[in-house]
Amino acid sequence: MTIPSVGTNLAASRPASRSRLLLAALVVACVLGFGLLVPALVPSQLALTLMTQAVISAVLATGIGFMIRQNGLTSFGHAAFFGLAAYALALNGKFGLMPTEIAIILAIVLPAILAFVAGLGIVRLPGLAFSMLTLAVAQSFHEIFLRWRDLANGDDGMAVRLPSTLFGMDIVVFQQPATMFVVCWIVLVVIIGGLWLIARSRFGLLTIAIRENEERARYIGFETVVPRAIVYGVSAAVGAIGGVLFVLYNAFVTPGVLHWSLSGEALVMAVIGGARAVWGPALGSVIFFMFKDAAGDLTEHWPAIIGVTLIVVTVLLPHGVSGLLSAIVSKLKGKAQ
């Protein structure tokens, strides 16, 4: 029996890897193209507004889903990063501290650094303790901005002062549903593509190994805390990007962007869509908003319908809708071969 050499295996794997990357690039191009066509296909401004809000929420849900996938931890406080980024831009506009472009970058980077530093300590906690601590921290920020009226105008919220142009584009681009949908869609696709690359990298595989058996990973010589803290930081950065998009679109912010209910909605989206696939939470966001809009037209008790739906999805589809779609595609591939 002839045993192929390692070099032969590597050579054989390279074309496969290249074909997968080409296929992924083709899928990304098609998805981007679809997003660019949506404003032309959907003439209703109300529908476009709803879809834009869904995509912004999808960014936050994608950040939560990525942490669940890579760390196996559930955050009930990701609204903290979403809201801190939003308030950072609002306060910068109020006090005129720096150009808005720089403020946007800092509004994304600083929550990521905060999450990484905090993660060095809290990712060591078991799942429930971690979830409760993230919830408590987020609610602390909510109370600060709710009660500190001199700083953030409390529950009345703040109008956000934005420049007439941003990154060379007219600010109107970010505040009209048709154009802002395209901007948010492109950002979401880029984020999902970047997270997909991270998940498939050696670092991503390491975090999966740590998630499955941290003790064994540590035993064979890998550092386990820092990679998990990095995942938490990346997840926070994604949530902060969602907060930036929210402020650019609405030009208004209230303490509600820091409330636990926002984290809860994003978590529900991640569960419905399924965190096993990087794109699952984004799909869950679209389903959530469509279902919420339809249920809201039927009854004012739509949260109860959402709750029942969540229970059904959790029981029947433990990996969410994306898991079901992946299983169907796998079966079709098996039959084709």
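Considerations on the packing of aromatic side chains
Argument step 1. On inspection of all chains with the given rule, the structure shows seven aromatic pairs.
Argument step 2. With 4.2 Å between their ring centres and 25° between their planes, Y87 and F145 make a pair best called stacked. In this pair, Y87 is assigned in helix α3 (residues 79–95) and F145 in helix α5 (residues 127–147), connecting sequence segments 58 residues apart. One exposure class covers both Y87 and F145, and it is buried.

Concerning a nonpolar patch on the surface
Argument step 1. Taken together, the side chains of F95, L97, M98, I102, I105, L106, V109, L110, I113 and V117 define a hydrophobic patch exposed on the protein surface, amounting to about 890 Å² of accessible area.
Argument step 2. In terms of residue count, the dominant contributor to the nonpolar patch is helix α4 (residues 100–122) (seven residues).
Argument step 3. With respect to the helices and strands, I105 occurs in helix α4.

Examining the layout of surface pockets
Argument step 1. Here the largest pocket defines a volume of roughly 1800 Å³.
Argument step 2. In terms of lining residues, the largest pocket is bounded by 41 residues, among which V27, I192, W196, A277 and W279 are the most central.
Argument step 3. Of all the secondary structure elements, the ones that give two or more residues to the lining of the largest pocket are α1 (6–41), α2 (45–71), α7 (177–200), α12 (280–298) and α14 (320–336).
Argument step 4. Looking at side-chain class alone, the lining of the largest pocket contains 33 nonpolar, three polar and five charged residues.

A few points about α3
For the α-helix, the turn length of 3.6 residues means that residues three or four positions removed from each other point alike.
Argument step 1. The terminal C-alpha atoms of α3 lie 24 Å apart, and with 17 residues this matches the ideal 24 Å at 1.5 Å per residue to within 8%.
Argument step 2. The buried fraction of α3 amounts to 14 of the 17 residues, a majority that puts the element mostly inside the structure.
Argument step 3. Count one or two residues on from α3 and you reach G96, which has phi positive near 60°.

Section: the confidence of the model for the protein chain
Argument step 1. Mean pLDDT for the protein chain: 87, with 94% of residues reaching 70 or above.
Argument step 2. The least confident element of the protein chain, judged by mean pLDDT, is α1 at 70; the most confident is helix α10 (residues 225–250) at 95.
Argument step 3. Note on residues 1–14: pLDDT is under 50 here. Beyond four places in sequence and across chains, it has one contact.

Notes on unusual backbone geometry
Argument step 1. The phi dihedral of N153 is positive, around 65°, even though this residue is not glycine.
Argument step 2. Owing to a relative accessible area of 32%, N153 belongs among the partly exposed residues under this scheme.
Argument step 3. Notably, F167 is not glycine yet its phi reads approximately 55°, a positive angle.
Argument step 4. As for its placement among the helices and strands, F167 is situated in the loop between β2 (165–166) and β3 (169–170).
Argument step 5. For F167, a relative accessible area of 49% gives the class partly exposed.

Considerations on the pattern of salt bridges
Argument step 1. Enumeration according to the criterion identifies six salt bridges in this entry.
Argument step 2. The salt bridge involving D156 is made with R149; its shortest N-O contact spans 2.7 Å.
Argument step 3. Residues K292 and E265 are paired through a salt bridge, measuring 3.9 Å at the closest nitrogen-oxygen approach. In this pair, K292 sits in helix α12 while E265 sits in helix α11 (residues 260–273), placing the two residues 27 residues apart along the sequence.
Argument step 4. Its relative accessible area of 24% is what places K292 among the partly exposed residues.

A look at the packing of α2 against α10
Argument step 1. The contact between α2 and α10 brings their axes to 8 Å, and the two run at 175°. Between α2 and α10, the angle is such that the two are roughly antiparallel. For the pair α2 and α10, contact is made by T49, T52, I56, V59, L60, G63, I64, F66, M67, Q70 and N71 and by R228, V231, Y232, V234, S235, V238, G239, I241, G242, L245, F246 and Y249, respectively.
Argument step 2. The class makeup of the residues in the contact of α2 with α10 is 14 nonpolar, eight polar and one charged.

Digging into the environment of M180
Argument step 1. Inspection of the secondary structure puts M180 in helix α7.
Argument step 2. Separated by 68 residues in sequence, M180 and L248 place their C-alpha atoms 8.9 Å apart.
Argument step 3. Once residues within four sequence positions are removed from consideration, M180 is found in contact with T52, V173, F174, L245, L248 and Y249.

Let's talk about α2
Argument step 1. Given a rise of 1.5 Å per residue, 27 residues ought to cover 39 Å, and the 39 Å separating the end C-alpha atoms of α2 matches this to within 8%.
Argument step 2. The opening residue of α2 is S44, an N-cap whose side-chain oxygen sits 3.4 Å from the backbone nitrogen of L46.
Argument step 3. Positive backbone phi, approximately 70°, marks G72, located one or two places after α2.

Overview of the environment of P163
Argument step 1. Locating P163 in the fold gives a position in the loop between β1 (158–159) and β2.
Argument step 2. Residue P163 is classed as partly exposed on the basis of its relative accessible area, which comes to 25%.
Argument step 3. Along the chain, P163 and G93 lie 70 residues apart, while their C-alpha atoms are 8.8 Å from each other.

Criteria and thresholds
- Note that residues are indexed from 1 along each chain, following the sequence as it is written.
- Local features in a predicted model are, by the rule used here, given only for residues with pLDDT of at least 70; side-chain atom pairs are given and counted only at 80 or more, and totals for whole chains, interfaces and linings are based on all residues.
- Just so you know, side-chain values use all the structure's heavy atoms and leave hydrogens and water out.
- Ring pairs are drawn from Phe, Tyr and Trp, using the six-membered ring of Trp, whenever the two centres fall within 6.5 Å, and their geometry is named by plane angle: stacked under 30 degrees, edge-to-face over 60, tilted for the rest.
- Secondary structure is summarised from DSSP: a helix means a run of H or I of at least four residues, a strand means a run of E of at least two, and numbering begins at the N terminus for each.
- Buried residues are those whose accessible area, probed at 1.4 Å on protein chains only, stays under 20% of the maximum for their type, while exposed residues exceed 50% and partly exposed ones sit between those limits.
- Exposure above 30% relative accessible area and no salt bridge define the residues that can form patches, which grow by joining like charges within 9 Å and nonpolar side chains of Val, Leu, Ile, Met, Phe, Trp and Tyr within 5 Å.
- Each accessible area is a Shrake-Rupley estimate made with a 1.4 Å probe; only the visible protein chains count as cover when residues are assessed.
- Whenever a carboxyl oxygen of Asp or Glu lies within 4 Å of a side-chain nitrogen of Lys or Arg, that contact is scored as a salt bridge.
- A 1.4 Å probe that fits into a set of points on a 1 Å grid over the protein atoms alone but cannot get out defines a cavity; an open set with protein on both sides within 12 Å along at least five of seven lines defines a pocket, and lining residues are those with an atom within 4 Å of a point.
- Grid points are joined across faces, edges and corners, and a volume is the space filled by probe spheres set on the points.
- Each residue receives one of three labels: charged for Asp, Glu, Lys and Arg, nonpolar for Ala, Val, Leu, Ile, Met, Phe, Trp, Tyr, Cys and Pro, and polar for the others, Gly being one of them.
- Under the convention used throughout, the expected extent of a helix is 1.5 Å for every residue step, that is, one less than its residue count.
- Per-residue confidence from the predictor is given as pLDDT, running between 0 and 100.
- Should any heavy atoms of two residues lie within 4.5 Å, those residues are considered in contact.
- Axis definition: a line fitted to C-alpha atoms, limited for helices to the stretch in contact. Angles are taken between N-to-C directions and run from 0 to 180 degrees.
- Note on angle classes: values under 35 degrees are labelled roughly parallel, values over 145 roughly antiparallel, values of 65 to 115 roughly perpendicular, and the remainder oblique.
- N or O atoms within 3.5 Å of each other form a polar contact, as long as, within protein, one can give a hydrogen and the other can take it, and as long as residues adjacent in sequence are counted only when both atoms are side-chain atoms.

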